[in-house]
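Now for the letters of each chain:
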Amino acid sequence: MQLIDGKYTAETIREEIRQEVSRMINEGLRPPHLVAVLAGNDGASETYVANKIRTCAEVGFRSTLERLPSDVSEDEVLSLIDRLNADDSVDGFIVQLPLPAHIDVHRITERIRPEKDVDGFHPVNLGRMTEELPAYIPATPKGIIQLLERYKIETEGKHCVVVGRSNIVGTPVSILLSRNTYPGNCTVTLTHSRTQNLRALTLQADILIAAIGKPYFITADMVKEGAVVVDVGMTRVHAPERKLGFKLAGDVDFEHVAPKCSWITPVPGGVGPMTIMGLLQNTLLAAQHRVYPEHVGQDI
Ligand code: GUN
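Conventions we followed
- Residues numbered from 1 in each chain as written.
- Predicted model: local features only at pLDDT ≥ 70, side-chain atom pairs only at ≥ 80, totals over all residues.
- Heavy atoms only, no water.
- 1 Å grid on protein atoms, 1.4 Å probe; cavity = no way out; pocket = protein on both sides within 12 Å on 5 of 7 lines; lining within 4 Å.
- Points joined across faces, edges and corners; volume = space filled by probe spheres on them.
- Nonpolar A, V, L, I, M, F, W, Y, C, P; charged D, E, K, R; others polar.
- Near = heavy atom within 4 Å.
- Polar contact = N/O pair within 3.5 Å; in protein donor to acceptor, adjacent residues only side chain to side chain.
- Areas by Shrake-Rupley, 256 points an atom, 1.4 Å probe, with all protein chains shown as cover.

On to empty space enclosed by the protein, then. Picture a little ball the size of a water molecule; that probe, rolled over the atoms, points out where space is still empty. For the structure on display, the rule yields one cavity of 30 Å³ or more. Space inside the largest cavity adds up to approximately 70 Å³. Taken together, Ile94, Val95, Leu97, Val105, Ile108, Thr109, Ile112, Asp117, Asp119 and Phe121 make up the lining of the largest cavity. The residue inventory of the lining of the largest cavity, partitioned by class, reads seven nonpolar, one polar and two charged.

As structure tokens, this is what we get:
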């Protein structure tokens with residue numbers, strides 16, 4: 001068994017981004033600017049957004065945190081989005097999910113200009129990704145793809161079983177791994193809560209991607225000998241022995257699954273650090289107008 005080290009890979013990418021920002025500044029350009037919108041005070045979202053803002057500083061990006069109260073109205077969020085859409089000093093922005101329950105996430109996502117949608121959640125970006133056109137790729141799937149690429153994991157013709165069909169991870173990663181490219185050309189099975197006999201499917205997986213948010217859900221009896229296992233789970237579980245009183249649990253029972261794998265990502269230190277890099281790479285692309293070059297200076 002060998003570890004896919006997301007922490008190390010993310011540090012390598014962070015350095016690449018940092019150097020690119022230095023180059024931009026040396027050329028007289030301003031640094032990329034990311035805005036994060038955080039509505040309410042969900043504990044995990046607070047941590048994720050704080051990590052994003054901190055990593056922006058590490059690579060030389062400008063970042064702004066826009067905080068909104070948990071009882072903010074949908075119209076107020078939409079007005080903020082309109083302002084960020086129109087602000088030329090903002091290259092890209094994200095609205096951290098989950099939003100308070102009274103807000104319609106689809107209305108929010110569709111209001112973001114696709115050129116600034118560095119989360120890649122807007123239907124235009126998802127459609128362009130599916131069509132293999134330049135697009136912002138959602139950060140977690142982008143991180144997973146880069147791990148497979150940088151570890152030179154063979155994907156062509158392999159059976160990839162994705163567990164979990166979320167719009168953020170499962171569905172986009174299933175599309176990406178189906179594409180006619182590397183990493184890709186997999187035969188993909190997208191499984192979910194209504195899948196019958198899940199174990200019979202996961203046992204066929206050459207590449208197993210667990211993205212359901214249920215701690216230790218994937219057990220050793222569900223994994224084929226020699227499989228590549230990617231664990232997207234990051235659930236806070238009670239751990240009184242830890243300083244913060246919790247620890248991060250993956251979707252995979254690592255202790256028992258790892259000995260069967262050819263490659264496996266740990267939690268923490270696997271997909272998590274790569275997700276932030278995916279977001280920063282998208283923001284860099286936005287600042288350099290590399291996804292939507294035809295829209296530079298256009299008011300659309
Ligand atoms: N919540 C969990 N993951 C994400 C993400 O990648 N982007 C946003 N905006 N919210 C999230």
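With that settled, the discussion passes to the site of the ligand. Near the ligand you find Lys52, Val95, Gln96, Leu97, Asp119 and Phe121, and these make up its full shell. Gln96 is positioned with one of its side-chain polar atoms (N or O) 3.3 Å from a nitrogen atom of the ligand. A distance of 2.6 Å is found between a nitrogen atom of the ligand and a side-chain nitrogen or oxygen belonging to Asp119. Protein contacts shield 85% of the accessible area of the ligand, which totals 280 Å² for the unbound molecule. Its residues assigned to classes, the shell around the ligand shows three nonpolar, one polar and two charged.

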